[in-house]
Amino acid sequence: MNTLLRIPSVTGIDVELKIAGPGARSYAFIIDWHIRVLAAVAWLSAATFLIARMHGAVSPGIRTFSLVSIVPSLAIYFLYHFVLEIIMHGRTPGKRMAGVRLVSRDGGVPGAGALLIRNIFRLVDSLPVVYCVGLATTMVNRESLRIGDIAAGTVLIYDAAPTDDVLQSLSARAVERLGLKQAEVVRDLLGRWNELMPDARDLLALRLLTKLGRAPADRDDAALRTALEGLLD
Amino acid sequence: MSENAKTARWFTQRLPAWRDIAGRLANLERGASAEPEDLLAAVRSYPEIARDLAVAQRSSPQGQVTRYLERVYLDLHRTIFRRPGDLKHEIPMVFLRDAPAVARTLRVHIAWIAALFVICAAAGAWLVATYPELVSLFASEQMIDHVMRGELWTDGLLNILPSSILSVQIFANNIMVALFTLCLGAAYGLGTVYIIGVNGLMLGGVFAFTAQYRLAGRLFAFVCAHGFVELSAIIVAGAIGASLGEALARPGPLTRGAAFQQATARGAKLMLVLVVFLVGSGLLEGFVSPDSAYPLAARLTIGLAYFALFVFVLSGGADKVLTRNSAQRSKGAALLVRAVFNRDSKREESRLKTAPTI
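Not measured: the values here are computed from a predicted model.

1. Comments concerning the overall build of chain B
Step number 1: When helices and strands are counted, chain B shows 13 helices and 0 strands.
Step number 2: The linear arrangement of helices and strands in chain B, starting from the amino end, is α-α-α-α-α-α-α-α-α-α-α-α-α.
Step number 3: For chain B, whose C-alpha radius of gyration is 32 Å, the value lies well above the compact-globule estimate of 21 Å for 358 residues.
Step number 4: Dimensions of chain B, computed from C-alpha atoms along their principal axes, come out at roughly 95 × 90 × 45 Å.
Step number 5: Across the 358 residues that make up chain B, the buried fraction comes to 37%.

If you want it as C-alpha cells, here you go:
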C-alpha cells in the first residue's frame, strides 16, 4: 500500500501528502450521508407542510408538489457531494470532520469536471448495496482509491496542515533551546493533551521531558503539563 | 552560532513572510477579482517558499513547520500554474470540436456496439416470434395485459401524468441508463455489453410481441419521434463504456489507472453532449409521442430531423459551418478593408496631384 502521494514540482522540492485509507473515507461518508439525508427529509417535510398550509383542503396538484418538494429534495440528496466539493475546494462537512480532503494528482484542488466524473461513478461504487464495490476497491487498491477516484484522477488525503496559530506558538527561544524537531514534538503533545487519556499523556510527557533532561520532581498531570509549557516559553 | 540558534533565527525571520503569503493566497482564491500585487507577491515568494520548505524538510521531515510550508507551497504552485478557466469558450468547444473528435476516435466502438444492439434486437424478436411465452422475460405483466386487450401501454399516458412531469421522469431515467452503460465499462466493458444486450433483446422482443397483435405500427408511431436519438445516444454511451473497458484491458504504454482516467476524461466530453440530446428526447417523449394530435408523418419528420441534428453535431458539422461562415466573414471584412484602403489611397493620390507644388 502507498501511504504517501508524492507531488513533484518544477523547483525540485517534492511534497508528500498522506493518503487517507478506507477507515477515514468511510467515516467521512457516514457523516455526509446523515447530513444529506437529514437535509433532504427536512426540505421535503417543510415544503409539504407549507404546501398543505397554503392550499388547505384543496390538492395542490402533482406538478406543484413535485417542483416544490420532491425535485429539490432529490437535488439535495444527489448533488450534495458534487456541489459542496466544488464550493469547499475538495471538502464536504463530513470530510472536514474526518480531517480529509480531495486533491488532484498534482496536489491541487480538483476541477468541476473531475468532481462530476468522481460522483457519477458512485453509480458503480455503490453497487450492489452500501458501497460494497467502492469499499472493496479501496481495500485492494494501492492508494486506497475507489473506482470514481481512479476515473477522475483524484486522491483522498489527510488534511492535517497546522494553522498559523500553531506556528506562532513555537517561540524562537524554544526552537533555539530544543531544536525545531523537539520543539514541534512538545507543541504537538500539548496540542493533543485533552484528546489523550491521562495515563498515556503523562507517560509520553515524562519520556519526552526525561529525554530533554527536564523531568520535574512532581510527576502529576498538571505538573507535567506545566513543565512542557515551560519549554515553549 | 549553534545549529539550533541558526534554525531559530531562520524561523523567526521567515515566519512573517509565510503568514503574509498564506493571507495573500486566501485573497487569490477569488480568481479574476484578485489584486495584481497579491499575484506578483505569490510569484516572487514561490522560490523562497521552496527554499524554506527544503530547509524545513531537512530539519524536521514530518514536523508542523514542514506540513505548514507544504500546504503553502502546494497552494502557491496551484495558483501560479493553474490553467485559466474560460467556461464561456470551453462549453461551446465541447459541442463543436471536442465531442465530435471523441466520436471520431470511438467510431469503431460505436459500430461494434450498434451491431451488438441490432443483433440482440433481432435475437429478441426471433425468440418472442418463435416462443411467444418468452415475452414475460422482456415485458411486465401490465404491458402484456394491455397488448392482449388490443391497446398499447402508452395509450392515455397523458391522463396519468402531465407532459412536463412525464418528460422529467423519462429523461432522468434515460440519462441514468446512459450513465450506467458508461460506468459499467469499468467492469472491463462487460457491464456495458450486458446493458446494451438486454436493451436490444427487450426492444426486439416487445416489437415482435406487439406485431402478433397488429400493434407494432402503433408502437413505431409512438417511438419514432424520440426513439432514433434516444437509442443512438445509449449506443454511443455504450461505446464510451466499451472504450473504458478497453483502456483497462489494453492500457498500452500507460498504467491501467492512467489509461482508464484518460479514457474517462475523453468520454466525459461526449457524454455531456449525449445528456443534452437525451433531455431533448425526453421532452419529445413527454410532449409529442403520447399526443394523438401528431400524425405519423409529423412524428417521423420530427424524429428524423432530430436524428439528423444529432448526427450533424457528432460528426462536427456544426463546427464546419461556423468555421466556413467565420472564414467568409473574415474574407468579407478583408475585402472591405482593402476597398476602403484603395479608396483612401486614390483620394490621397488625387489630393497630391491637385496640391500646389512648393
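Moving on from the model shown.
2. Description of the overall build of chain A
Step number 1: Each helix and strand counted, chain A has 12 helices and 4 strands in total.
Step number 2: At 24 Å, chain A has a C-alpha radius of gyration far larger than the 17 Å of a compact globule built from 233 residues.
Step number 3: Seen along its three principal axes, the alpha-carbon backbone of chain A occupies a region of about 80 × 45 × 30 Å.
Step number 4: Taking all contacts inside chain A whose residues are at least 6 apart in sequence as the whole, residues at least 24 apart take part in 57%.

3. Remarks on the domain arrangement of chain A
Step number 1: The domains assigned to chain A are domain 1 (4-158) and domain 2 (164-232).
Step number 2: For domain 1 of chain A and domain 2 of chain A, the distance between their C-alpha centres works out to 39 Å.

4. A closer look at the interface of chain B and chain A
Step number 1: With 39 residues of chain B at the contact, the number on the chain A side is 36 residues.
Step number 2: Secondary structure elements with two or more residues in the side of chain B that touches chain A: α1 (3-28), α2 (36-59), α3 (64-81), α8 (163-183) and α11 (256-287) of chain B.
Step number 3: Counting residues per element, the side of chain B that touches chain A draws most heavily on α3 of chain B, which supplies 10 residues.

5. Details of the packing of helix α4 (residues 87-105) of chain B against α11 of chain B
In helix packing, the relevant descriptors are the interaxial angle and the interaxial distance, both defined with respect to the helix axes.
All names here are of chain B.
Step number 1: One can describe the packing of α4 onto α11 by two numbers: an axis separation of 8 Å at closest approach and a directional angle of 120°. Judged by the angle between their axes, α4 and α11 are oblique. Once α4 is placed against α11, the crossing between them reads as left-handed. Of α11, the residues touching α4 (which contributes Val94, Phe95, Asp98, Ala99, Val102 and Ala103) are Arg266, Gly267, Lys269, Leu270, Leu272 and Val273.
Step number 2: When the residues that make up the contact of α4 with α11 are grouped by side-chain class, the tally is 8 nonpolar, 1 polar and 3 charged.

6. So, unusual backbone geometry
Step number 1: Here Leu127 of chain A and Pro128 of chain A are connected by a cis peptide whose omega angle stands at -20°.
Step number 2: Among the structural elements, Pro128 of chain A can be located in the loop between α5 (122-125) and α6 (132-140).
Step number 3: At Val130 of chain A, a position not held by glycine, the phi torsion is positive, near 35°.
Step number 4: With respect to the helices and strands, Val130 of chain A occurs in the loop between α5 and α6.
Step number 5: Val130 of chain A sits in the exposed class, given 10 other C-beta atoms within 10 Å.
Step number 6: The phi torsion at Arg214 of chain B lies on the positive side, around 55°, for a residue other than glycine.

7. What about the pairing of strand β4 (residues 154-158) of chain A?
Within a regular strand, side chains alternate between the sheet's two faces.
Residue and element names in this part refer to chain A.
Step number 1: With 4 of 5 residues buried, β4 is to be regarded as a mostly interior element.
Step number 2: When strand β3 (residues 100-104) meets β4, the two strands line up antiparallel, connected through 5 bridges. Within the sheet, the bridge partner assigned to Ser104 lies in β4 and is Thr154.

8. Observations concerning helix α12 (residues 296-314) of chain B
Residue and element names in this part refer to chain B.
Step number 1: Between its first and last C-alpha, α12 extends 27 Å over 19 residues, near the 27 Å set by a 1.5 Å rise per residue.
Step number 2: All of the buried residues along α12 are Arg299, Gly303, Phe310 and Leu314. Down the axis of α12, the buried side of the element spans an arc of 30°, and every buried residue falls inside it. Every exposed residue of α12 that faces more than 90 degrees away from the buried side is listed here: Ala297, Ala298 and Ala305.
Step number 3: Structurally, α12 contributes buried residues whose contacts are with α4, α10 (216-249) and α11.
Step number 4: The first or second residue beyond α12 is Gly316, which carries a positive phi of 85°.

9. Quick notes on the pairing of strand β2 (residues 15-18) of chain A
All names here are of chain A.
Step number 1: What you see with β2 is a clean split: Val15 and Leu17 sit on the buried side and Glu16 and Lys18 on the side with no burial.
Step number 2: Note that strand β1 (residues 4-7) and β2 share 4 bridges and pair antiparallel. Within β2, the residue paired with Ile7 across the bridge is Val15.

10. Quick word on the packing of helix α10 (residues 180-191) of chain A against helix α12 (residues 221-232) of chain A
Residue and element names in this part refer to chain A.
Step number 1: Running from amino to carboxyl end, α10 crosses α12 at an angle of 135°, the nearest separation of the two axes being 10 Å. Taken together, α10 and α12 sit at an angle that is classed as oblique. Crossing hand, α10 versus α12: left-handed. Residues Ala183, Val186, Arg187, Leu189 and Leu190 of α10 touch α12, and the partners they reach there are Leu228, Glu229, Leu231 and Leu232.
Step number 2: Each residue belonging to the contact of α10 with α12 can be placed in one class, and the counts come to 7 nonpolar, no polar and 2 charged.

11. Details of the environment of Leu309 of chain B
Step number 1: Position of Leu309 of chain B relative to the elements: it lies in helix α12.
Step number 2: Residues Leu309 of chain B and Gln62 of chain B, spaced 247 residues apart in sequence, show a C-alpha to C-alpha distance of 58 Å.

12. Considering the environment of Glu176 of chain A
Step number 1: Inspection of the secondary structure assignment puts Glu176 of chain A in helix α9 (residues 172-178).
Step number 2: Owing to 21 C-beta atoms within 10 Å, Glu176 of chain A belongs among the buried residues under this scheme.
Step number 3: For the pair Glu176 of chain A and Val83 of chain A, spaced 93 residues apart in sequence, the C-alpha to C-alpha distance is 47 Å.
Step number 4: Those residues within four positions of Glu176 of chain A in sequence are excluded, and the remaining contacts are Asn4, Ala5 and Ala8 of chain B.

13. Notes on the confidence of the model for chain B
Step number 1: Across chain B, the average pLDDT comes to 86, with 92% of residues at or above 70.
Step number 2: Among the prediction metrics, the complex's ipTM stands at 0.79, with pTM recorded as 0.82.

Reading the values: the criteria
- Residues numbered from 1 in each chain as written.
- Chains lettered and ligands numbered in written order.
- Predicted model: local features only at pLDDT ≥ 70, side-chain atom pairs only at ≥ 80, totals over all residues.
- Helix = DSSP H or I, 4+ residues; strand = E, 2+ residues; numbered from the N terminus.
- Rg over C-alpha atoms; globule rule 2.2 N^0.38 Å.
- Buried ≥ 20, exposed ≤ 12 C-beta atoms within 10 Å, placed from the backbone.
- Contact = placed C-beta atoms within 7 Å.
- Domains from an automatic or database assignment.
- Axes fitted to C-alpha atoms, helices over the stretch in contact; angles between N-to-C directions.
- Parallel < 35°, antiparallel > 145°, perpendicular 65-115°, else oblique.
- Left-handed = near helix turned anticlockwise from the far one by under 90°.
- Nonpolar A, V, L, I, M, F, W, Y, C, P; charged D, E, K, R; others polar.
- Pairing = 2+ DSSP bridges.
- Expected span 1.5 Å × (residues − 1).
- Arc of directions from axis to C-beta.
- pLDDT = per-residue confidence, 0-100.

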